[in-house]
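If you want the building blocks of each chain, they are given just below.
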Amino acid sequence: MIDMKDVYKRYPNGVTAASGIDIHIKQGEFVYVVGPSGAGKSTFIKMMYREEKPSSGTITIDGVNLATLRNAKVPLMRRKIGVVFQDFKLLQTLTVYENVAFALEVIEEHPKNIKKQVMETLDLVGLKHKARMLPTELSGGEQQRVSIARSIVNSPKVVIADEPTGNLDPDTSWEIMNIFDEINTRGTTVVMATHNKEIVNTIKHRVIAIEGGRIVRDEQRGDYGYES
Ligand code: ADP
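Just so you know, these numbers come straight off a predicted model, no measurement behind them.

Quick notes on the rules
Residues numbered from 1 in each chain as written. Predicted model: local features only at pLDDT ≥ 70, side-chain atom pairs only at ≥ 80, totals over all residues. Heavy atoms only, no water. Buried < 20%, exposed > 50% of the residue type's maximum accessible area, 1.4 Å probe, protein only. Helix = DSSP H or I, 4+ residues; strand = E, 2+ residues; numbered from the N terminus. Pairing = 2+ DSSP bridges. Phe/Tyr/Trp six-rings, centres within 6.5 Å; stacked < 30°, edge-to-face > 60°. Lys NZ or Arg CZ within 6 Å of the ring centre and 35° of its normal. Core = buried A, V, L, I, M, F, W, Y, C linked by side-chain atoms within 4.5 Å. Contact = heavy atoms within 4.5 Å. Axes fitted to C-alpha atoms, helices over the stretch in contact; angles between N-to-C directions.

## As for the pairing of strand E6 (residues 81-85)
Strand residues, when the strand is regular, have side chains that alternate between the two faces of the sheet. Along E6, five of the five residues are buried, which leaves the element largely enclosed by surrounding structure. Neither face of E6 is exposed, since Ile-81, Val-83 and Phe-85 on one face and Gly-82 and Val-84 on the opposite face are all buried. The sheet contact formed by E6 and strand E7 (residues 158-162) spans five bridges and is parallel. For Val-83, the partnering residue across the bridge sits in E7 and is Ile-160.

See the structure below:
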């Protein structure tokens, strides 16, 4: 599903944030990406959805090589990938429904299918009853649910999340993690950078640890392995 071969990323300021990364993630896997701040987790994640290009090496998602993908083809590739951010990135002037529908409108889904798909997805994240509300009327956890709904509404093969519980309290973080687990159980591959030690050590999945731009550990049903 996702393949990285000898991937390096050097930023223009000279920082090497990825250094010889080799990784294979199978369809349906759930992978946590852990490591200290500045280790290169976001860079690793961003290269997977082509927010950053590697300086060298190849990254293939579902058979498409992201390193050589033309910019014009990026939107097409993003249909296969849902992305969830720490700070939600919702459109503040649009309702919950419109935020999720927007993800389908940009890929020119048939209008007839949009309502059904959006309402089914809002139901899955437990927010059907708040479809008409604005993001500012929601709690942080609810906003993250909207952003998860937006990321999965077009049934992507992979959902990539960068610290999705970073702004949330512990109880809300568990609720959000349970939603990701449910999405994964339905067959979607999940790759998630996280600092949430308790969750990583409880809901067991593969753990990839990055330090200094290198993969230093890759374990099935691994532990978080850091003090904080
Ligand atoms: P993490 O997500 O683990 O905190 P990052 O991938 O954000 O790590 O950062 C890895 C290294 O790359 C850090 O030294 C960071 O300062 C640097 N870095 C990240 N993004 C950029 C950028 N756009 N330009 C230059 N350096 C960057």
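## Quick look at the packing of aromatic side chains
Tallying each qualifying case throughout the model produces three aromatic pairs. Between Phe-30 and Tyr-32 the ring centres are 5.2 Å apart and the planes differ by 55°, which places this aromatic pair in the tilted class. The pair formed by Phe-30 and Tyr-32 is uniform in burial state, with each residue classed as buried. Note on Tyr-224 and Tyr-226: the rings are 5.8 Å apart at their centroids and 80° apart in plane angle, and the pair reads as edge-to-face. Each member of the pair, Tyr-224 as well as Tyr-226, carries the same accessibility label: buried. The ring of Phe-85 is capped by Lys-89, whose NZ or CZ atom sits 5.1 Å from the centre of that ring.

## Some words on the nonpolar core
With 41 residues, the main nonpolar core has Tyr-32, Val-34, Val-118, Leu-122, Ile-148, Phe-180 and Met-192 as its most contacted residues. Not counting residues within four places of it along the chain, the set of residues in contact with Phe-180 comprises Phe-30, Val-84, Ile-148, Val-159, Ala-161, Pro-164, Val-190 and Met-192. Residues Met-48, Ile-160, Ile-208 and Ile-210 belong to the second largest nonpolar core, which totals 31 residues.

## Digging into the sheet that holds strand E4 (residues 56-61)
Pairing is antiparallel across the open sheet formed by four strands, whose spatial order is E2-E1-E4-E5. Two strands close off the open sheet at either side, each with one partner strand: strand E2 (16-25) and strand E5 (64-65). Pairing geometry for E4 and E5, over two bridges, is antiparallel. Looking across to E5, one finds that Ile-61 is bridged to Val-64. Each of strand E1 (2-10), E2 and E4 is contacted by helix H1 (residues 41-48), which is oriented at about 125° to E1, the strand it contacts most.

Read these as layout, nothing more, since geometry by itself doesn't imply function.
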